[in-house]
Amino acid sequence: MVAAAHLRRVRALPMSRSSVAAVARCVLHGPPQRQLHHAVIPHGKGGRSSVSGVVATVFGATGFLGRYVVNHLGRMGSQVIVPYRCDSYDIMHLRPMGDLGQIIFLEWNGRDKDSIRRAVEHSNVVINLVGREWETRNFDFEDVFVTIPRAIAQVSKEAGVEKLIHVSHLNADIRSSSRYLRNKAVGEQEVRSAFPEAIIIKPSDIFGREDRFLNHFANIRWFGGVPLISLGMKTVKQPVYVVDVSKGIINAIKEPDATGKTFAFVGPSRYLLFDLVQYVFAVAHRPFLPYPMPHFAYRLVARLFETSPFEPWTTRDKVERVHITDMTLPHLPGLEDLGIQATPLELKAIEVLRRHRTYRWLSSEIEDVKPAKTVSV
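Residues numbered from 1 in each chain as written. Predicted model: local features only at pLDDT ≥ 70, side-chain atom pairs only at ≥ 80, totals over all residues. Heavy atoms only, no water.

A few points about the packing of aromatic side chains
Then step 1. Enumeration over the complete set of coordinates arrives at 12 aromatic pairs.
Then step 2. Summarising the aromatic geometry, the rings of Tyr84 and Phe105 are spaced 6.4 Å apart at their centres and angled 80° between planes, so their arrangement reads as edge-to-face. Taken together, the residues span a long stretch of sequence, with Tyr84 in strand β2 (residues 79-84) and Phe105 in strand β3 (residues 103-107) at a distance of 21 residues.
Then step 3. Among the aromatic side chains, those forming a connected cluster through ring pairs are Phe141, Phe145 and Tyr180.
Then step 4. Cation over ring: Arg111 sits above Phe139, and NZ or CZ is 4.2 Å from the ring centre.
Then step 5. Above the plane of the ring of Trp134 lies Arg132, whose end atom (NZ or CZ) is 4.6 Å from the centre. (Phe/Tyr/Trp six-rings, centres within 6.5 Å; stacked < 30°, edge-to-face > 60°. Helix = DSSP H or I, 4+ residues; strand = E, 2+ residues; numbered from the N terminus. Lys NZ or Arg CZ within 6 Å of the ring centre and 35° of its normal.)

A word on the packing of helix α3 (residues 64-75) against helix α8 (residues 242-254)
Then step 1. Here α3 crosses α8 at 50°, and the two axes come no closer than 9 Å. Accordingly, the angle class assigned to the pair α3 and α8 is oblique. Note on packing geometry: the crossing formed by α3 with α8 is right-handed. Here α3 contributes Phe64, Leu65, Tyr68, Val69, His72 and Leu73 to the contact with α8, which in turn contributes Val242, Val243, Val245, Ser246, Lys247, Ile249, Ile250 and Ile253.
Then step 2. Here the contact of α3 with α8 is built from residues that sort into 11 nonpolar, 2 polar and 1 charged. (Axes fitted to C-alpha atoms, helices over the stretch in contact; angles between N-to-C directions. Parallel < 35°, antiparallel > 145°, perpendicular 65-115°, else oblique. Left-handed = near helix turned anticlockwise from the far one by under 90°. Contact = heavy atoms within 4.5 Å. Nonpolar A, V, L, I, M, F, W, Y, C, P; charged D, E, K, R; others polar.)

Some thoughts on the environment of Arg286
Then step 1. Note on placement: Arg286 falls in the loop between α9 (273-283) and β13 (290-292).
Then step 2. Remark: the alpha-carbon pair of Arg286 and His356, spanning 70 residues in sequence, is separated by 8.3 Å.
Then step 3. If near-sequence neighbours (up to four positions away) are discounted, Arg286 is found in contact with Arg221, Phe281, His356, Arg357 and Thr358.
Then step 4. There is a polar contact of 2.8 Å between the side chain of Arg286 and the backbone oxygen of His356. (Polar contact = N/O pair within 3.5 Å; in protein donor to acceptor, adjacent residues only side chain to side chain.)

Side note on the environment of Gln238
Then step 1. For Gln238, the position within the fold is in the loop between β9 (236-237) and β10 (240-241).
Then step 2. Taking relative accessible area as the criterion, Gln238 reaches 9% and is therefore assigned buried.
Then step 3. With 31 residues separating them along the chain, Gln238 and Ser269 place their C-alpha atoms 5.9 Å apart.
Then step 4. Beyond its immediate sequence surroundings of up to four residues, Gln238 is in contact with Ser204, Val266, Gly267, Pro268, Ser269, Arg270 and Asp326.
Then step 5. In this structure the side chain of Gln238 is engaged in a polar contact, spanning 2.8 Å, whose partner is the backbone oxygen of Gly267. (Buried < 20%, exposed > 50% of the residue type's maximum accessible area, 1.4 Å probe, protein only.)

Concerning helix α5 (residues 141-159)
Then step 1. In a regular helix each residue adds 1.5 Å, so 19 residues correspond to 27 Å; α5 covers 26 Å between its end C-alpha atoms and thus fits that length.
Then step 2. Bending of α5 peaks at approximately 25° at the position of Thr147, with proline Pro149 no more than four residues after it.
Then step 3. The N-cap of α5, judged by a side-chain oxygen 3.2 Å from the amide nitrogen of Glu142 a few residues on, is Asp140.
Then step 4. Positive backbone phi, approximately 80°, marks Gly160, located one or two places after α5. (Expected span 1.5 Å × (residues − 1). Bend = angle between axes of the 7 residues up to and from the residue.)

Looking at the environment of Leu345
Then step 1. Assignment of secondary structure puts Leu345 in helix α12 (residues 345-353).
Then step 2. Linking Leu345 and Leu276, residues 69 residues apart in sequence, is a C-alpha distance of 9.8 Å.
Then step 3. Contact partners of Leu345, with chain neighbours within four places excluded, come to Phe207, Leu214, Tyr271, Leu276 and Tyr279.

None of this, on its own, says anything about what the molecule does.
Okay, here's the thing in structure tokens:
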């Protein structure tokens, strides 16, 4: 209360920005050896041209979920540091998401701790969204989901970062048949060990315009039908909308009680994989021709796709992930605990799937399609 009174008194006086920062350093007691930058002193009425007090480093900002997180941070007046290792043209879409000078781009190397330290040294929030759908010669799943998150957590702790948010997966399990999910589980443990106060987010499969979930199923028609193990009758999915996940991450930053907790982000409904894929094809107005494919045969076909020098259509590990039933974790807090109402798949599927329609059905209304059948928890 005393600190707040001092800050109110400081705002009322006509002082320069450097003077405000100097007074705030005297009043507020931050982590040792870290100077309080003027970018973390909130001022303004709110919105992209104000200062929210959040200086966030977003690793993996160039990915699917990253663009939504950066957009929400920029809209609330945060300064966002975007470490990247891609071509500069691949980050152009992030530039207008914040006010002038508020989106800062920085080249980084996930194997170089000094590079990570430069990215987080002025931030009070670090968000790790680094992910990969398939392994490459340079980065396997252990590198992406264990080694790099551990390094980010260690460096963030040393730098005195106030909040670290690490995004994992709902089905992360050390005993999973998927190497992707096994390494996700190990990554959670490493992050928690290096940064005990970290906030861990465990979303289910995320859908949105640029996803590799609904779009993957819609594109499967080029396979000559829809191959599913056991026709998808033994797999249950509970997909979550990308905007809900992004809002949940932002609200976790604002929520003081979120520190050290693990959250499970899931959609409001659960579906059999067969019914979900059938709904995808109904919205896209494409013929749905499912057929059962044995597990070993599906993996053999996926192995052939893995030999592609470009992005593989599927991999053996993705075959495993797609056919794993989503966990139910009622003991973990979720979107509702952060003040977010989960968006039903039926409301947003058209945004993703309209581009898969032929010209004849392009403007057809979504009301023409029956909602997918749901299953109880």
